[in-house]
Amino acid sequence: MSEITLRINGKQRRVTVEGRTLLVDLIRDQMNLTGTHVGCDTSQCGACVVKLDGDTVKSCTVLTATLPEGTEITTIEGVSTGDLHPMQEAFSKCHGLQCGFCTPGLVVTAIDIVERSPDGLSASQVRKALKGNLCRCTGYQNIVASVLEGARAMGVQVTEEKETV
Amino acid sequence: MYAFELERPTTLADAIKALGGEEAQPLSGGQTLIPTLKQRLAMPSTLVSLTGIDELKGIKNEGGTLTIGGATCHADVAKDGSYPALSDLAGHIGDPHVRNRGTIGGSLANNDPSACYPAAALASGATIVTNNREIAADNYFTGLFETALDEGEIITAVKFPIPEKAAYVKFEQPASRFALVGVFVTKGANGVRVAVTGASEGGVFRWTEAEEALSSNFAPSALEGLSVPADGMIGDLHGTPEYRAHLVGVITKRAVMKAG
Ligand SMILES: Cc1cc2nc3c(=O)[nH]c(=O)nc-3n(C[C@H](O)[C@H](O)[C@H](O)COP(=O)(O)OP(=O)(O)OC[C@H]3O[C@@H](n4cnc5c(N)ncnc54)[C@H](O)[C@@H]3O)c2cc1C
Ligand code: FES
Ligand code: FES
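Residues numbered from 1 in each chain as written. Chains lettered and ligands numbered in written order. Predicted model: local features only at pLDDT ≥ 70, side-chain atom pairs only at ≥ 80, totals over all residues.

1. Focus: the interface of chain A and chain B
Step number 1: Each partner contributes to the interface: chain A provides 21 residues, whereas chain B provides 23 residues.
Step number 2: In terms of residue count, strand β4 (residues 55-58) of chain A provides more of the side of chain A that touches chain B than any other element does, four residues in total.
Step number 3: Grouping the amino acids of the side of chain A that touches chain B by side-chain chemistry returns seven nonpolar, eight polar and six charged. (Contact = placed C-beta atoms within 7 Å. Helix = DSSP H or I, 4+ residues; strand = E, 2+ residues; numbered from the N terminus. Nonpolar A, V, L, I, M, F, W, Y, C, P; charged D, E, K, R; others polar.)

Right under this line is the structure:
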């Protein structure tokens, strides 16, 4: 057992974890933040994506105790306070989800994609950046449309609506 | 997951000490090892985390040699850009989430037959630096998931001489993004070197016939009529040995074209 202080969705938390405690288990079972999902548990699907100090990771493949003291963690619950984040609105408006299982990881990833593209974003860039997020329902068309819609709402210019590949 | 001890050293010396224990194994980005532990294909009793050791991280470009710390993640190499073909390779490993955690040391220690970095190391004539020696890439890759590393030996850095021309082309296995066939070519002080990953049952290899042909004429046309035998190529549901052997020729041409 070891103790570590983390900032989870802006709140400082002192947690006690075993060496084997996966980050996703800390988030879901100890913090009761069940928006982060476990799809594959083998680092393939991205349903468990959260942000660690600003970088997206698959939380099913991170041991909590290896994180540096004070690491900032953002889960889907932390992307907005109160109302939906513009990216969540966009997923709702563009039918970017069906069963919704992949959605938390996708929304966290989508916000990250937009934040990393202040100079504009294209449909093919979105598809490339979504390589680590699998969806078994939508066929991705509406997910790409949602991310582009969310980008516009976040003030980023969409440079190409249709893919070139 | 089964219970294990987790050590979190902050210096290389402490990591080496911790690895001296019974059944201890290094843990870097965990992108390969954690799924392996979940399946219990490996069951070390102690894991020694390397990601808290600052001296194993970072990238330096000095006198035409790029030195990358063993625990440097793929995303950092992708961003660096001082060896463009290497940054291009790193930026196409897996997906953004994997690149934020997975490290060069972990990739080279694992030596997956379809991994990308082994091709870069072999084609660049890189040097694998460990806590007690330097190993030339030519002597480092010893077979499928096999390397020259001893038990408890840690990759502390990898030194890449930056060549005049280089390119990596990967024919992706679309589900995993690993290489169905990947070819890294370089032209520089070491002459022409061609390293192929994803294809052979023996892991990454140098295609010496192609190297000879390209030495006198560094152009795709120099490879006309050359092929590798299907014998010893990987055959699985993604492709037959014959298909992979064919791809080696095609992808090598594309890599030479990309290197310019
Ligand atoms: C979805 C997915 C897609 C991927 N796609 C690709 C791809 O396209 N191309 C590609 O090349 N790879 C790919 N990978 C593999 C990825 O690059 C891994 O990050 C890498 O192979 C292992 O690095 P790691 O830091 O995660 O190592 P770990 O998983 O921590 O360790 C792997 C092995 O190396 C040992 N080890 C780790 N660090 C050291 C060290 N410094 N010295 C000695 N031994 C060490 C460990 O003990 C273990 O045996 C993919 C992985 C996933 C999950
Ligand atoms: S649950 Fe983590 S990647 Fe699928
Ligand atoms: S909406 Fe069902 S998996 Fe994506």
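2. Observations regarding the site of ligand 1
Step number 1: The immediate surroundings of ligand 1 are formed by 33 residues, with G29, G94, G102, G105 and G106 of chain B found nearest.
Step number 2: More than a single chain frames ligand 1: its nearby residues are located in chains A and B.
Step number 3: Contributing elements (two or more residues each) for the shell around ligand 1: β2 (24-27) and α6 (104-110) of chain B.
Step number 4: Looking at the shell around ligand 1 element by element, the count peaks at five residues for α6 of chain B.
Step number 5: Residues of the shell around ligand 1, tallied by class, amount to 14 nonpolar, 17 polar and two charged. (Near = placed C-beta within 6 Å.)

3. Quick look at helix α3 (residues 103-115) of chain A
Residues and elements named next belong to chain A.
Step number 1: With 13 residues, α3 extends 18 Å from end C-alpha to end C-alpha; this agrees with the ideal 18 Å at 1.5 Å per step.
Step number 2: Counting buried positions along α3 gives twelve out of 13 residues, so the element sits mostly inside the fold.
Step number 3: Among the residues of α3, T103, P104, G105, L106, V107, V108, T109, A110, I111, D112, I113 and V114 are the ones counted as buried.
Step number 4: On its buried face, α3 sits against β3 (49-52), β4, α2 (86-93), β6 (121-122), α4 (123-129) and α5 (141-153). (Expected span 1.5 Å × (residues − 1). Buried ≥ 20, exposed ≤ 12 C-beta atoms within 10 Å, placed from the backbone.)

4. A closer look at the nonpolar core
Step number 1: Among the nonpolar cores identified, the biggest contains 127 residues, and A119, V158, V183 and V196 of chain B are the most heavily contacted of them.
Step number 2: Setting aside chain neighbours within four positions, we find A119 of chain B in contact with Y168, G182, V183, F184, A195, V196, T197 and V204 of chain B. (Core = buried A, V, L, I, M, F, W, Y, C linked by C-beta atoms within 7 Å.)

5. Quick notes on the packing of α2 of chain A against α5 of chain A
The geometry of a pair of packed helices is captured by two quantities: the angle between their axes and the separation between those axes.
Residue and element names in this part refer to chain A.
Step number 1: The contact between α2 and α5 brings their axes to 8 Å, and the two run at 140°. If you check the angle between α2 and α5, you find them oblique. Considering only the axes of α2 and α5, their crossing is right-handed. Touching P86, M87, E89, A90, F91 and K93 of α2 are S146, E149, G150 and A153, all from α5.
Step number 2: Class assignment for the residues of the contact of α2 with α5 results in five nonpolar, two polar and three charged. (Axes fitted to C-alpha atoms, helices over the stretch in contact; angles between N-to-C directions. Parallel < 35°, antiparallel > 145°, perpendicular 65-115°, else oblique. Left-handed = near helix turned anticlockwise from the far one by under 90°.)

6. Some remarks on the pairing of strand β11 (residues 165-172) of chain B
Residues and elements named next belong to chain B.
Step number 1: Across eight bridges, β11 lies against strand β12 (residues 179-188) in antiparallel orientation. Its bridge partner lying in β12, A167 is registered against V185.
Step number 2: With antiparallel pairing between neighbouring strands as the criterion, β11 and β12 make up a hairpin whose turn holds six residues, including R177 at a positive phi of roughly 75°. (Pairing = 2+ DSSP bridges.)

7. Observations regarding the domain arrangement of chain A
Residues and elements named next belong to chain A.
Step number 1: The assigned domain composition of chain A is domain 1 (2-78) and domain 2 (86-160).
Step number 2: In this assembly, 14 residues from domain 1 lie in contact with eleven residues from domain 2.
Step number 3: The dominant element in the side of domain 1 that touches domain 2, judged by the number of residues it contributes, is β3, at three residues.
Step number 4: Looking at the side of domain 1 that touches domain 2 residue by residue, the classes come out as six nonpolar, seven polar and one charged. (Domains from an automatic or database assignment.)

8. Considering the sheet that holds strand β14 (residues 205-206) of chain B
All names here are of chain B.
Step number 1: With antiparallel pairing, the four strands of this open sheet are ordered in space as β11-β12-β13-β14. The open sheet has two free edges, formed respectively by β11 and β14, since each of these has just one partner strand.
Step number 2: Of the pairings in the sheet, the one linking strand β13 (residues 191-197) to β14 comprises two bridges and is antiparallel in character. Residue pairing in the sheet places V196 in a bridge with F205 of β14.
Step number 3: Contacting β11, β12 and β13, helix α10 (residues 241-259) crosses the sheet at an angle of about 40° to β12.

9. Observations regarding the sheet that holds β4 of chain A
All names here are of chain A.
Step number 1: On the basis of which strands lie adjacent, the open sheet formed by five strands has the order β2-β1-β5-β3-β4 and mixed pairing. The open sheet has two edge strands with one neighbour each: β2 (11-17) and β4. In this sheet, adjacent strand axes meet at a mean angle of 40° when their direction is disregarded.
Step number 2: Here strand β1 (residues 2-8) pairs with strand β5 (residues 72-74) via two bridges, running parallel. Within the sheet, the bridge partner assigned to R7 lies in β5 and is E72.
Step number 3: Relative to β3, α3 is tilted by about 40°, and along the sheet it contacts β3 and β4.

10. Topic: the confidence of the model for chain B
Step number 1: On average, residues of chain B carry a pLDDT of 97, and 100% of them reach 70 or more.
Step number 2: At the level of chain-chain contacts, confidence expressed as ipTM amounts to 0.96, with global pTM at 0.97. (pLDDT = per-residue confidence, 0-100.)

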